[in-house]
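# Coordinate analysis (summary)
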Number of protein chains: 2
Amino acid sequence: MNEHAGRLARAQAVMKREGIDALCVSVGSDLPYLTGYRAMPLERVTMLIVPADGHPELVVPGLEAPRVEVRDDAFTVTGWAESDDPIGIIDGLLGDVGTVAFGDETWSRFLLELQAINTARSFVPASEFMAGLRMVKSPDEIAALRRAAKTVDGVVDEMAGVRFSGRTERDVSREIIDRTISAGHDTMEFWIVASGPNGASPHHEPGERVIEPGDAVVVDFGGHQDGYSSDTTRMFVVGEAPYGFDDAFTVLYEAQSAAVDAVRPGVTAASLDAVARDIISEAGYGDLFIHRLGHGIGMDTHEHPYLIEGNDQVIEAGMAFSIEPGIYNPGEWGMRIEDIVVATGDGVERLNTSDRAYRVVS
Amino acid sequence: MNEHAGRLARAQAVMKREGIDALCVSVGSDLPYLTGYRAMPLERVTMLIVPADGHPELVVPGLEAPRVEVRDDAFTVTGWAESDDPIGIIDGLLGDVGTVAFGDETWSRFLLELQAINTARSFVPASEFMAGLRMVKSPDEIAALRRAAKTVDGVVDEMAGVRFSGRTERDVSREIIDRTISAGHDTMEFWIVASGPNGASPHHEPGERVIEPGDAVVVDFGGHQDGYSSDTTRMFVVGEAPYGFDDAFTVLYEAQSAAVDAVRPGVTAASLDAVARDIISEAGYGDLFIHRLGHGIGMDTHEHPYLIEGNDQVIEAGMAFSIEPGIYNPGEWGMRIEDIVVATGDGVERLNTSDRAYRVVS
């Protein structure tokens, strides 16, 4: 049985256990996870219908059907023609099922259309259910995440030898994009270069600000390589670090290291967040750590488990996620250190292995 | 009043007329159309809530709030913190409204969560309603589409001087991406290079096939420049055209020209499709034209109006769309010619002006 047929069978087993009669997934990573095929995010609907009992069926625009590869008869492909009614086809395939788990990222329009033509079904988000399948990575998936991490680590090391001052954030971000694609990534998903006071906005978009001596620069970037995601953050400082930066960085480094070291099967997602947050809070920076500690990663850059207060999800071997505390001093500077890690049988493997100390650049 | 405030006011006027109490939009182009702000397609929800009467409110993850720019108090921004319940916030802002138009591309998960905590509201897709606002472009929007078209036209002309044979489709597609970004595009959305028999699959993904003498190559690419989309298709032939190609191309060229010439205010979308289809069918290729004639274009590459059989949408001055008939001969070759055009007061302006004859390359 190939990996997709195996995943479909596991999905069906969980559905039976949880009383879900059918699963519908469309755009996003649930579909390629289950079938190897990624839907175009277009007005022409694509939908995989997995009954708890029976053969999965992929409904695709006829134009896309030649792009679908089916191995071992894992699912059947139904291409719809331009003048067909695809929602009617999906409705017919669903038949008289009662409870449908619906892919989180599927366009609302298609859900509303299905709800309008048949009011007897109840729909629930597929996220929890799909997260249960996708959170624990196989050795092949971990190997793919490791390769993606190695690529961005290499780019971080290259950037340590590059001049930052006198260039715009956008210019530096373009160089990071070029280097990451050249080093093997298929796509880039984000490329934050946040200099000086811009660093205090965790999701700053690189802009026309010219980087100056004395700036701390948050560099946070990632993309996809062979279908799996990278995501790392390292700090660069142009010459002398700004006032207050070194003291805070020492605390951040310690908090990030302690959270990584705390990863092992059996701890909760929330407890990892608390490890970093307690250290940062005790040093007096608690109000400046304004986001969760991290997020799962795999085919999506952000997926379950989320390392956040209140999340009792127990970490298991094979779960992969970011550990990325930050300290943001409004109007002055920001800092974040981020590694992707994977829980092992008895501890943790850090997939990003580039030096976490800040790099002094010109 | 700035353009976004004007668009929000127009949306509210239409909502009152159509009995819609509130509009919710999230990821996709409806949100930047109305506010200038584009949501991150992430698990952290962003939602603009526009009541038919009252002040629009944008609910965003706190991390993204610094990226939102509000002019003339067109809307209010509510940032939610990591431990907040954003669906609860959105539900509270919606209050006791009855009918909600919900953005088509918004993740189903958020709709299901809203439906679960309040069953009294009815949700309808916002597409028809938003299409009515977005279909007719302003002069500024048309100017942006014209600039984007000019960029890809330049790349087509550059590619006419480039060697194709001996290179993989993927390699040629990479060159197109690089040239288009260098020429001014901010992002690429698609890059079809379909050679020889691959050309018969309209949405072929460029792969490892090595282009050979005698191949016809479909080149269809586009992206975004200053927030507006490009999309053009031109044919390249390596040396001698394959058997049957020239005869079919003459028909295709005539069909595409006739459909463009038929564009004017007052005709229907379906009638334009019929103009091209009739010419292709009469020449005996009707079964090989397997998709609609075209699609609207603007902030999205595909948007209303769709030029397809059965669509009685009347074309108005300012509507922009593609005219892209194709003939696909399975196992042999495919061909498509695509221009973006805009309906003017008394006819049509072709935004893509590069030569539509096929280019012979080495």
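The following refers to the structure shown. (Residues numbered from 1 in each chain as written. Chains lettered and ligands numbered in written order. Predicted model: local features only at pLDDT ≥ 70, side-chain atom pairs only at ≥ 80, totals over all residues. Heavy atoms only, no water.)

### Considering the nonpolar core
Soluble, globular proteins show a tendency: their nonpolar side chains are buried together. Counting residues in hydrophobic clusters, the biggest one holds 114 residues, and the most contacted among them are Leu23 of chain A together with Leu23 of chain B. Among residues more than four places away in sequence, those in contact with Leu23 of chain B are Met15, Leu34, Leu48, Ile49, Val50, Ala101, Ala126, Phe129 and Met130 of chain B. (Core = buried A, V, L, I, M, F, W, Y, C linked by side-chain atoms within 4.5 Å. Buried < 20%, exposed > 50% of the residue type's maximum accessible area, 1.4 Å probe, protein only. Contact = heavy atoms within 4.5 Å.)

### Focus on the relation of the copies chain B and chain A
After a rotation of 180° and a shift along the axis of 0.0 Å, chain B superposes on chain A with an RMSD of 0.0 Å. Here the transformation between the copies is reduced to the relation of a two-fold axis. Taking C-alpha positions as the reference, the residue of chain B nearest the rotation axis is Ser108 of chain B, at 2.3 Å. Most of the interface of chain B is mirrored in chain A: 100% of its interface residues are interface residues there too. (Least-squares fit on C-alpha atoms with pLDDT ≥ 70 in both.)

### Some points on the sheet that holds strand S2 (residues 47–51) of chain A
Residue and element names in this part refer to chain A. Pairing in this open sheet of six strands is mixed, and the strands run S4-S3-S2-S1-S5-S6 from one edge to the other. Because the sheet does not close on itself, it has two edges, and the strands there are strand S4 (76–80) and strand S6 (122–125). Between one strand axis and the next, the sheet turns by 25° as a mean value, whatever way the strands run. Sheet strands touched by helix H1 (residues 3–18): strand S1 (22–25) and S2. Its angle to S2, the strand with the most contacts, is close to 55°. (Pairing = 2+ DSSP bridges. Helix = DSSP H or I, 4+ residues; strand = E, 2+ residues; numbered from the N terminus. Axes fitted to C-alpha atoms, helices over the stretch in contact; angles between N-to-C directions.)

### Topic: the pairing of strand S12 (residues 303–307) of chain A
Residues and elements named next belong to chain A. A large share of S12 lies buried, amounting to four of its five residues. Here three bridges tie strand S11 (residues 294–296) to S12, and the two strands are oriented antiparallel to one another. Bridging from a neighbouring strand, Gly294 pairs with Leu307 of S12.

### Some words on the interface of chain B and chain A
Note on interface size: it is often stated as the accessible area lost on association of the parts. The interface is formed by 36 residues belonging to chain B together with 36 residues belonging to chain A. Taking both sides of the interface into account, the surface hidden between chain B and chain A amounts to around 3,300 Å²; carbon and sulfur atoms contribute 56%. The largest contributions to the chain B side of the interface with chain A come from Leu63, Leu112 and His203 of chain B, which together make up 18% of the buried area. Counting the contacts that link chain B with chain A gives six salt bridges. The salt bridge partner of Arg109 of chain A is Asp104 of chain B, with a shortest N-O separation of 3.6 Å. Among the secondary structure elements, those contributing two or more residues to the side of chain B that touches chain A are helix H4 (108–117), strand S6 (122–125) and helix H7 (169–182) of chain B. (Buried area = accessible area lost by both parts, 1.4 Å probe. Salt bridge = Lys/Arg side-chain N within 4 Å of Asp/Glu carboxyl O.)

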